[in-house]
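Okay, here's what each chain looks like letter by letter:
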Amino acid sequence: MITIIIFIFVSVGISYWWLLRQRVLEKPWLVTGTDTDTREDIGRTPPAARTGLIVFLAVVTSVFSLFISAYFMRMELNDWRPVDEPGLLWFNTLLLIMGSLSIHWCSRAAEDLNVKTVKITLLATGLFTGGFILGQLIAWQQLNEAGYGLRSNPASAFFYLFTGLHGLHLLGGLWVWSKTSIRVLAGAELEQIQLSVELCRNYWHYLLVVWIVLFALLLST
Amino acid sequence: MAYVALADRGQVLSHPKSFITKYIWSQDHKVIAIQYSLIAVAVGVVALILSLGMRLQLGFPDTLSIIDPSEYMQFVTMHGMIMVIYLLTALFLGGFGNYLIPLMIGARDMVFPYMNMLSVWVYLVSVIILMASFFVPGGPTGAGWTLYPPQAILFGTPGASWGIILMLVSLAVFIVAFTMGGLNYVTTVLQARTRGMTMMRMPLTVWGIFTATILGLLAFPALLVSAIMMLFDRLLGTSFFMPAIVSMGELSETGGGSPILFQHLFWFFGHPEVYIVALPAFGIVSDLLSVHARKNIFGYRMMVWAIVGIGGLSFVVWAHHMYVSGMNPYFGFFFATTTLIIAVPTAIKVYNWVLTLWQGDIHLTVPMLFAIGFIFTFIHGGLTGIFLGNVVVDLPLSDTYFVVAHFHMVMGVSPILVIFGAIYHWFPKVTGRMFNDTLGKFHFWLTFLGTYSIYLPMHYLGFLGVPRRYYAFEGIDFIPESAMTLNSGITVAAIFVAVTQILFFINMFWSTFRGPKADPNPWNATSLEWFTPQTPPIHGNWGPELPQVYRWAYEYSAPGADKDFTPQTDPPTDAEIAAR
Ligand code: HEM
Ligand SMILES: [Cu+2]
């Protein structure tokens, strides 16, 4: 449970730090008036969707931390037989990095209002990410044929679980990506899709980090 | 002041036209709140009926027994799970959270109304899946609400064929629904507070719901993870949790898995869940006490710190549910210590409630009666919790009726009393009509005394060692005849309590349609929800301008003020400005 405990400590720590900045030490019964509200940003707060995504990613991190905790705890039992990861995963990782890079590029282009680049990079993101998911499926097949089926051993079962869950999250991202792409193709103003692209970018980067952590974990154990 | 509030920028409220968009596919947080509440209460009634089935069996095993042992296990399981998750969690966060957060912080709606609407419908799906398990072959699962493997998925346990699958799927769907709602509640509190509404001016109700939601967002994943892994074990034959087992004379295909691993995951969710239910209750009860005692809440800051402190601590006590599962003695020591530490902020809250009443101008209204009743039941359940937090005391009492009595006092009766109090308190705002006071008072006294006579005797049964989750106690030497008599008495009390709830439903139903018109602010409260231009508030809550907040929510009986309450929207008086 170490992994999840660390995650919880970090989250609780961040929350408490944020709360301290909200002046939880102040005596609210002594202060009246609106001038105590120092949120200058009150008229132009960041878009709610951005905050919402951060909270959502905290939830997803909790899910993955718990799986990793379970992985470590299950690993200590004596029937554990490590998986021989197929080399294809390295190639897949490369694809995912490319996907992340292109969505990053895309969000820059959206800020510069460069429609053409936005279209190309958006397409590239979809292709790379689709390629990654396909690659993961092929990796599953290779593993299965190599005798690491789902039932063969908890280590293999965790492999399918991790990759599957990560893939599902990417599919969710692709759904938002497709909605954004359709809007771009339908000729929406770039100002209107900037936020969607930015959120996609954050999500892709996040999932890339998750994958790298999971991959490192799978390789090292 | 020239500023455009967040809630007014870019967000176009879709104003519903037809009946369907107004009451069914509504994106208005108030309608969604009512939908959540009605569904939750409906399943709650199912859970109540299940408990009566069990009580009849326990109280009158020879004459009124209507269920068999498997059904008993199924009833226990469904009753516990429905009460904890589908009733209390959904009602506090989906119901009260949805209704009160935007109104109390001065927002027009939740920040993601569409997702909010999805949340309630997905919740309904999870309830339907759960209810479907009553009708599948083999019936619902009988694994206990803790769903411990291996028995939860072994044939021989009732409902191991379909019931358990539906239960796990339903939980996963519920978690999706909760996450959609939870993202809303948290983001709304963070971003949509109106001008002047600093965090430290929020009513404690909002603090409680806000913190509980964060706990839920971080803890429910643990239930999701264990549900997914158990589904894999059950459906795909993996061995995450399943050890090698000889079942019905055959060696299972699984092997090597760890049931303890499940327990860790489950209780990593399970303990925070207690506080997901308790923190909103704490918050609401603070507001009820303060309003009806016409006094500011004692120690507001400490109350806030206690809420967030309890929230953080609740993640490091989970293994006190596993003392009997076997663990390193040092762990037992650690978890006993953290458990007792968490009693400190909890006790602070209790003192502050009592001190709020001290020399207050107490109005014994119906909501106030329920709030004071809560203080009694909560202290009672809290004290037995300190017993059980100690390893040496827990070992003999574990899995006896002492535990049943403890958790029903602390997370059964107490939150339910708060829920009743809160419904009576906000009823005039929600419906625009007043409930019947006499009926409400009857409802309180009968419920309060009735539940006490159910659960107080159970402590004695627990001391005798009467085990929990047992269908019958015949032929167990150490259980005396008198315990059986006591059991009959408890059952009579349980039937009595269940029947008195009819008073509540009659009152609510009748008053919603026929009750006298209510004042917009019948309790002379200060917080924003009582100052909407319309009662009940319309879609969008506020008039053309959002309210402005100038002070905290507990300005009651302030010295020198001409009324005994000063609304949050009242600008500072000259005297106050001079005092600065
Ligand atoms: C008048 C109301 C209620 C009655 C008569 C009642 C009765 C019972 C009974 C007879 C049991 C089974 C005890 C056993 O054999 O182990 C039980 C278990 C349980 N009840 Fe209640 N109950 C009531 C309300 C509640 C509420 C409001 C909650 C909400 C937290 C709740 C939560 C539970 C839980 C979690 C269990 C344990 C289930 C298990 O062992 O798996 N109950 N209740
Ligand atoms: Cu606990």
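Residues numbered from 1 in each chain as written. Chains lettered and ligands numbered in written order. Predicted model: local features only at pLDDT ≥ 70, side-chain atom pairs only at ≥ 80, totals over all residues. Heavy atoms only, no water.

Asker: Would you take a moment to explain the overall build of chain B for this structure?
Answerer: Summing up its helical and strand segments, chain B has 15 helices and 2 strands in all. Since a compact globule built from 580 residues should have a radius of gyration of about 25 Å, the 24 Å found for chain B is in line with a globular shape. Across its three principal directions, the C-alpha atoms of chain B cover 85 × 50 × 50 Å. Out of the 580 residues in chain B, the part that is buried amounts to 63%. For chain B, the exposed area adds up to about 21000 Å²; of that, 71% sits on carbon and sulfur atoms. Across chain B, the mean location of the 24 positive side-chain charges is 13 Å away from that of the 27 negative side-chain charges. (Helix = DSSP H or I, 4+ residues; strand = E, 2+ residues; numbered from the N terminus. Rg over C-alpha atoms; globule rule 2.2 N^0.38 Å. Buried < 20%, exposed > 50% of the residue type's maximum accessible area, 1.4 Å probe, protein only. Areas by Shrake-Rupley, 256 points an atom, 1.4 Å probe, with all protein chains shown as cover. Lys, Arg positive; Asp, Glu negative; His and termini not counted. Charge placed at Lys NZ, Arg CZ, Asp CG, Glu CD.)

Asker: Help me understand the coordination of the iron atom of ligand 1, please; the structure alone is not making it clear to me.
Answerer: Reference values for coordination geometry: four tetrahedral donors around a metal ideally subtend 109.5 degrees, six octahedral donors ideally subtend 90 or 180 degrees. Residues and elements named next belong to chain B. Distances from the iron atom of ligand 1 to its protein donors, namely His-79 (NE2) and His-408 (NE2), fall within the range 2.0 Å. With 6 donor atoms in place around the iron atom of ligand 1 and angles of 86 to 180° between them, the coordination shape is octahedral. One end of the pair, His-79, is in helix α3 (residues 69-105); the other, His-408, is in helix α12 (residues 401-431), with 329 residues separating them in the sequence. Here His-79 matches His-408 in class, with each residue buried. (Donors = N, O, S within 2.8 Å, 3.2 Å for Na, K, Ca; no water. Tetrahedral: all angles 85-135°; square planar, octahedral: opposite > 155°, others 65-115°.)

Asker: Any chance you could explain the packing of helix α1 (residues 2-21) of chain A against helix α2 (residues 48-75) of chain A here in plain terms?
Answerer: Each pair of packed helices can be summarised by the angle the axes make with each other and by the distance between the axes. Residues and elements named next belong to chain A. Contact geometry of α1 with α2 gives a least axis separation of 7 Å together with a crossing angle of 155°. On the basis of the axis angle, α1 is roughly antiparallel to α2. Contact with α1, carried on its side by Ile-2, Thr-3, Ile-4 and Phe-7, involves Ala-58, Thr-61, Ser-62, Ser-65, Leu-66, Ile-68, Ser-69 and Phe-72 of α2 and no other residues of that element. (Axes fitted to C-alpha atoms, helices over the stretch in contact; angles between N-to-C directions. Parallel < 35°, antiparallel > 145°, perpendicular 65-115°, else oblique. Contact = heavy atoms within 4.5 Å.)

Asker: Quick question: what am I supposed to make of the coordination of the copper ion (ligand 2) here?
Answerer: All names here are of chain B. The copper ion (ligand 2) binds to the protein through His-271 (ND1), His-320 (NE2) and His-321 (NE2), with metal-donor distances spanning 1.7 to 2.0 Å. Sequence spacing of the donors to the copper ion (ligand 2): H-x48-H-H. With a gap of 50 residues between them, His-271 in helix α7 (residues 259-292) and His-321 in the loop between α8 (300-313) and α9 (329-357) connect regions that are remote in the sequence.

Asker: Hey, could you run me through the site of ligand 1 in this one?
Answerer: All names here are of chain B. The full set close to ligand 1 counts 24 residues, and Tyr-72, His-79, Trp-145, His-408 and Arg-469 are the nearest of them. One of the backbone N or O atoms of Trp-145 is found 2.7 Å from an oxygen atom in ligand 1. Counting only elements with at least two residues in the shell around ligand 1, the list comes to α2 (29-59), α3 and α12. Counting residues per element, the shell around ligand 1 draws most heavily on α3, which supplies 7 residues. Looking at the shell around ligand 1, its residues break down into 15 nonpolar, 6 polar and 3 charged. (Near = heavy atom within 4 Å. Polar contact = N/O pair within 3.5 Å; in protein donor to acceptor, adjacent residues only side chain to side chain. Nonpolar A, V, L, I, M, F, W, Y, C, P; charged D, E, K, R; others polar.)

Asker: Would you explain the interface of chain B and chain A in this entry?
Answerer: Much of the literature gives interface size as the accessible area that the parts lose upon coming together. Taken together, the contact between chain B and chain A spans 63 residues of the former and 57 residues of the latter. Interface area lost by chain B to chain A is led by Gln-191, Leu-218 and Arg-301 of chain B, which between them contribute 12%. Where chain B touches chain A, the interface holds 0 salt bridges. Listing elements by their share of the side of chain B that touches chain A, those giving two or more residues are α5 (163-191), α6 (204-236), α7 and α8 of chain B. Residue contributions to the side of chain B that touches chain A peak at 11 residues, all from α6 of chain B. When grouped by side-chain class, the residues that make up the side of chain B that touches chain A number 37 nonpolar, 17 polar and 9 charged. (Buried area = accessible area lost by both parts, 1.4 Å probe. Salt bridge = Lys/Arg side-chain N within 4 Å of Asp/Glu carboxyl O.)

Without other data, these values stay purely geometric and don't point to any function.
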